[in-house]
Amino acid sequence: MTEPQSPLNTPEGEAQLLQDLLSAERAGAKVAGDSLQQPCTPEQRQLLEQVRQGEIESCKLLLNCLQHLGLEPTRTPAPSMARRWPSNRWTSACPSSTGANNG
């Protein structure tokens, strides 16, 4: 008896997975970019920039995968990611320029 095929093991499932991953990576890049607008220490700024660059690189890789498969990337945002990672997520980790904690 064979097990039912996972929806992810279909071309449509793989395409949807890539689209979902792209949306999540875009959300991560946006959150990191928005977080860079908050007052941070140089160390925090460097870390946020590294995170942002990593998210951008992941977006490029996923876009290449979609292009290779002949698929058009969607511009659908990842609302669940935005709820999990609000743009002010780093506020408590980034002290204000006056030295007070914003969180």
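Residues numbered from 1 in each chain as written. Predicted model: local features only at pLDDT ≥ 70, side-chain atom pairs only at ≥ 80, totals over all residues. Heavy atoms only, no water.

A.B. asks: How do you make sense of the overall build of the protein chain when you look at a structure like this?
C.D. replies: Within the protein chain, the secondary structure is distributed over 3 helices and 0 strands. Along its sequence from the N terminus, the protein chain presents helices and strands in the succession α-α-α. For the protein chain, the residues scored as buried account for 24% of the 103 residues in total. Sequence separation of at least 24 residues holds for 69% of the intrachain contacts in the protein chain that already meet a minimum separation of 6. If you sum the accessible surface of the protein chain, you get close to 7300 Å²; carbon and sulfur atoms cover 56% of it. (Helix = DSSP H or I, 4+ residues; strand = E, 2+ residues; numbered from the N terminus. Buried < 20%, exposed > 50% of the residue type's maximum accessible area, 1.4 Å probe, protein only. Contact = heavy atoms within 4.5 Å. Areas by Shrake-Rupley, 256 points an atom, 1.4 Å probe, with all protein chains shown as cover.)

A.B. asks: Mind showing me how you'd approach a nonpolar patch on the surface here?
C.D. replies: On the surface, L8, L17 and L21 cluster together to form a nonpolar patch covering roughly 240 Å² of accessible area. With respect to the helices and strands, the residue L17 is situated in helix α1 (residues 11-35). Under the relative-accessibility criterion, L17 is labelled partly exposed at 38%. (Patch = residues over 30% accessible without salt bridge, like charges linked within 9 Å, V, L, I, M, F, W, Y side chains within 5 Å. Salt bridge = Lys/Arg side-chain N within 4 Å of Asp/Glu carboxyl O.)

A.B. asks: Hey, could you run me through the pattern of salt bridges in this one?
C.D. replies: A pair can form between side chains of opposite charge whenever their charged atoms are brought close. Inspection of the entire model under this criterion finds 3 salt bridges. Between K30 and D34 there is a salt bridge, with the nearest N and O atoms lying 2.8 Å from each other. Taken together, the residues span about one helical turn, with K30 and D34 both in helix α1 at a distance of 4 residues. Given the relative accessible area of 52%, K30 is considered exposed. We note a salt bridge from E57 to K60, for which the minimum N-O separation is 3.4 Å. One end of the pair is E57 and the other is K60, both in helix α2 (residues 42-68) and 3 residues apart, which spans about a single turn. Here K60 falls in the partly exposed class, since its relative accessible area comes to 44%.

These figures come from the coordinates and say nothing about function on their own.
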